[in-house]
Amino acid sequence: MKFFCGNSNPCLGHDIASYLNIPQGKAEVHRFADQEIFVEIQENVRGQDVFVLQSTSYPTNDHLMELLIMIDALRRSSARRITAVIPYFGYARQDRKPGPRTPISAKLVANLITGAGANRVLTLDLHAGQIQGFFDIPTDNLYAVPVISRDIKAHYSTENVVVVSPDVGGVVRARALAKRIESLLAIVDKRREKPGESEVMNIIGDITDKDCLLFDDIVDSGGTLCNAAEALLGKGARSVTAYITHGVLARGAVSRISESKLKELVITDSIQPTVNIKQVHNIRILSIASLIGDAISRTAAEQSVSSLFD
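Right, let's walk through the structure included here. Since we're looking at a predicted model, the values are computed, not measured. (Residues numbered from 1 in each chain as written. Predicted model: local features only at pLDDT ≥ 70, side-chain atom pairs only at ≥ 80, totals over all residues. Heavy atoms only, no water.)

**Comments concerning the sheet that holds strand β1 (residues 2–5)**
Inclusion rule: Paired strands, in this sense, are two strands between which DSSP finds at least two bridges. Think of it this way: any DSSP run of H or I at least four residues long counts as a helix, any run of E at least two long counts as a strand, and we number them from the N terminus. Fitted lines through C-alpha atoms serve as axes, helices being fitted only where they are in contact, and the angles separating the N-to-C directions of these axes extend from 0 to 180 degrees. The contact definition used throughout considers only heavy atoms, calling two residues in contact when any of these lie within 4.5 Å.
Reading across the sheet, the five strands line up as β1-β4-β5-β6-β7 and stay open at both edges, with parallel pairing between neighbours. Each edge of the open sheet carries a strand with a single partner, namely β1 and β7 (139–142). Taking the axes of each pair of neighbouring strands and ignoring which way they run, one obtains an average angle of 20° across the sheet. As defined by bridge partners, strand β6 (residues 120–124) adjoins β7 across four bridges and the pair is classed as parallel. If you follow V121 over to β7, its bridge partner there is T139. Contacts from helix α2 (residues 60–76) reach β1, β4 (49–53) and β5 (81–86), with the element oriented near 165° to β5.

Next comes the structure, spelled out in structure tokens:
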């Protein structure tokens, strides 16, 4: 087995290699003057089972192109099997046509990864489960729920906890966490009655004097989370913490979170956190190195990956 890491998340790559107790594969990745990406695999991979770690996070297009070129270089180096390990799958929110004459970009990216030569994909908390079907190669969608549930049990008394979905679309995801930690479930029903009027947030479920845990897959601008926290506290919640798998945190999200009424925002390192994120007092990072490391070792040994979540 060989393990290579792109430039999107070298810290996570180092942690996974340490967990697996294997050295990182040697590869040179640099750019020409016009920003063309060049990749050279600097060790023999002929006949090897190869894993390539790369989140397609900001800058999304650069990291995606780097992943495609690395896969192509490995394929042309006669690797036996290439698994693209993509903790954060960019373009996942473009999984359907929201209107006429619009693309389904998640399917396009799936085609690109397959066409580059990947034999299988390993990813984490896809925005929409049906994206697995966009790939014509085996695709394992891991879940951060085991890592998050362990952290919740270490920091909270689950008897007083309510898992909250920040919108109706995330109910299935929130219910899975609530079931795992044996807690109640609540939903933030967000709606705008008329154009130009502010959103009204109705809370479905009992959250009075409870520690509310907002759970979702992606935090981008942070506006929905901050508004949901205010609505929950306004309805009598004791505290509000957000657990989010992928911390995109763009468009002023970091300052918005730091000034919000959230007790804490807990994100994983599926996207490498910036220095600004690490300095915010109410943002904490959870490592997913052991989760992805276990999935990689099971894939290499042809063992069950789904049993990680039993």
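Let's pick the thread back up.
**Comments concerning the pairing of β4**
Both faces of the sheet carry side chains from a regular strand, because those side chains alternate between them. Here is the rule we go by: Each residue gets one of three labels from its accessible area relative to the maximum for its type: buried under 20%, exposed over 50%, partly exposed in between, using a 1.4 Å probe on protein chains only. Crossover handedness is defined here as right-handed if the route from the first strand over the helix to the second strand goes clockwise, with the strands pointing away from the viewer.
Within β4, five of the five residues are buried, which leaves the element mostly enclosed by the surrounding structure. When β1 meets β4, the two strands line up parallel, connected through four bridges. Looking across to β4, one finds that C5 is bridged to L53. Here five bridges tie β4 to β5, and the two strands are oriented parallel to one another. Note that in β5 the partner of F51 across the bridge is T83. Where the polypeptide runs from β4 across α2 and back to β5, its parallel neighbour, the crossover connection is right-handed.

**A look at the environment of I271**
On the secondary structure map, I271 appears in the loop between β13 (264–268) and α8 (275–279). On the basis of relative accessible area, I271 is assigned to the buried category, the value being 11%. Taking C-alpha positions, I271 is 9.9 Å from L249, a pair spaced 22 residues apart along the chain. Contacts of I271, omitting those with residues within four sequence positions, involve N9, S57, Y88, H246, G247 and V248.

**Examining the packing of aromatic side chains**
Cut-off, in case you're wondering: The criterion for an aromatic pair is that two Phe, Tyr or Trp rings (for Trp, the six-membered ring) have centres within 6.5 Å, with stacked assigned to planes under 30 degrees apart, edge-to-face to planes over 60 apart and tilted to the rest.
Overall, the coordinates contain three aromatic pairs when judged by the stated rule. The interplanar angle of 55° and the centroid separation of 5.9 Å between the aromatic rings of F32 and F38 together place this pair among those described as tilted. A relative accessible area of 30% places F38 in the partly exposed class.

**Digging into the pairing of strand β11 (residues 211–219)**
Across the nine residues that make up β11, a large majority, nine, are buried. Direction of pairing for β11 relative to strand β12 (residues 239–247): parallel, over a ladder of eight bridges. Note that in β12 the partner of L213 across the bridge is T241. With respect to chirality, the unit in which β11 leads through helix α6 (residues 223–234) into the neighbouring parallel β12 is right-handed.

**Here's the deal with the side chain of D151**
Filter applied, for reference: Here a polar contact is taken to be a pair of N or O atoms separated by no more than 3.5 Å, where protein atoms must pair a possible hydrogen donor with a possible acceptor and residues adjacent in sequence count only if both atoms sit in side chains.
With respect to the helices, strands and loops of the structure, D151 is situated in helix α4 (residues 145–155). Of note is the side chain of D151, whose polar atom sits 2.9 Å from the side chain of R284. Contacts of D151, omitting those with residues within four sequence positions, involve Y243, V266, R284 and L286.

**So, the pattern of salt bridges**
Formally: Just to be clear on terms, a salt bridge is a Lys or Arg side-chain nitrogen sitting within 4 Å of an Asp or Glu carboxyl oxygen.
A complete count under the given rule lists 15 salt bridges for this structure. Among the salt bridges present, the one from R173 reaches D216, with a minimum N-O distance of 3.3 Å. With R173 in helix α5 (residues 171–181) and D216 in strand β11, this pair connects stretches of sequence that are 43 residues apart. Across the pair, exposure class does not vary: R173 and D216 are buried alike. Here R173 and D217 are joined by a salt bridge, their closest N and O atoms 3.7 Å apart.

**Quick word on the nonpolar core**
Basically, it comes down to this: In this text, buried Ala, Val, Leu, Ile, Met, Phe, Trp, Tyr and Cys residues form a nonpolar core when linked through side-chain atoms within 4.5 Å.
Of all hydrophobic cores here, the largest spans 38 residues; its most connected members are I16, Y243 and I296. In terms of residue count, helix α9 (residues 289–300) provides more of this core than any other element does, five residues in total. If we skip the residues at most four places from it in the chain, I296 touches M1, F3, I16, L20, F51, V85 and L122. In this structure, V45, V50, A92 and I137 belong to the second largest nonpolar core, which totals 34 residues.

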